[in-house]
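Geometric and topological summary
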Amino acid sequence: MRILIYESNTKIRESMMAILIMAGYDVVALREKKHILRTLGKRPFSIAVIDIEEDDGEMNNIIEAIYTDDRYKGINIIAHIDETSKEIMDVIENINKELGTTVVMATHDKEIVNRMKKRVVVVSNGLIEGDYLKGSYKVNESN
């Protein structure tokens, strides 16, 4: 399986690469986001791990292209979002609604969870503690 990584933070990028290579994956890492679509179009990839920074219109366009352009069909995106912006969440929500694409997001940002009102699976210490169809962010006060 081939995985593309775009991560602006060198330390994080190198750590992800080392872990994935050790696990036996073919990894291509990029330093510049302008090369993402060209690289995805040249070789088959199963997964793209993409770093998204707050209010990044160029990255919003890249993500939208990956989901809507047939050249990138079958590529799953794992987004690493430093500061989640409303704009990025709107793009992801539109992709979900318009294309019927499932979006899996791991977050601790209760505002996003509460605004989306989607299925929420609560995981603590590797175990599922709750599963709510139209959930909201709930915190165990003892933590």
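The structure reproduced in this document is the subject of the present report. (Residues numbered from 1 in each chain as written. Predicted model: local features only at pLDDT ≥ 70, side-chain atom pairs only at ≥ 80, totals over all residues. Heavy atoms only, no water.)

To continue, consider the overall build of the protein chain. When helices and strands are tallied, the protein chain shows five helices and six strands. Secondary structure elements of the protein chain, listed N to C terminal, follow the sequence β-α-β-α-β-α-β-α-α-β-β. Each of the 143 residues in the protein chain was classed as buried or not, and the buried ones make up 34%. In the protein chain, the share of contacts with a sequence separation of at least 24, taken over all contacts with a separation of at least 6, comes to 57%. Counting only carbon and sulfur atoms, one obtains 49% of the accessible surface of the protein chain, whose full area is about 9500 Å². (Helix = DSSP H or I, 4+ residues; strand = E, 2+ residues; numbered from the N terminus. Buried < 20%, exposed > 50% of the residue type's maximum accessible area, 1.4 Å probe, protein only. Contact = heavy atoms within 4.5 Å. Areas by Shrake-Rupley, 256 points an atom, 1.4 Å probe, with all protein chains shown as cover.)

A contiguous nonpolar surface patch, about 290 Å² in accessible area, is contributed by Val121, Val123 and Ile128. Turning to its location among the elements, valine 121 is positioned in strand 5 (residues 120-124). (Patch = residues over 30% accessible without salt bridge, like charges linked within 9 Å, V, L, I, M, F, W, Y side chains within 5 Å. Salt bridge = Lys/Arg side-chain N within 4 Å of Asp/Glu carboxyl O.)

A few words on the pairing of strand 2 (residues 26-30). Where strand 1 (residues 2-6) lies against strand 2, five bridges are found, and the strand directions are parallel. Bridge assignment links arginine 2 to a residue of strand 2, and that residue is aspartate 26. Handedness of the β-α-β unit built from strand 1, helix 1 (residues 10-22) and strand 2 comes out right-handed. (Pairing = 2+ DSSP bridges. Right-handed = clockwise from strand over helix to strand, strands pointing away.)

This brings us to the side chain of aspartate 51. Relative to the assigned elements, aspartate 51 resides in strand 3 (residues 47-52). Buried charge without a partner: aspartate 51 forms no salt bridge, and the closest opposite charge is arginine 13, 7.7 Å away. Polar contacts involving the side chain of aspartate 51 include one to the side chain of serine 8, which spans 2.6 Å. (Lys, Arg positive; Asp, Glu negative; His and termini not counted. Polar contact = N/O pair within 3.5 Å; in protein donor to acceptor, adjacent residues only side chain to side chain.)

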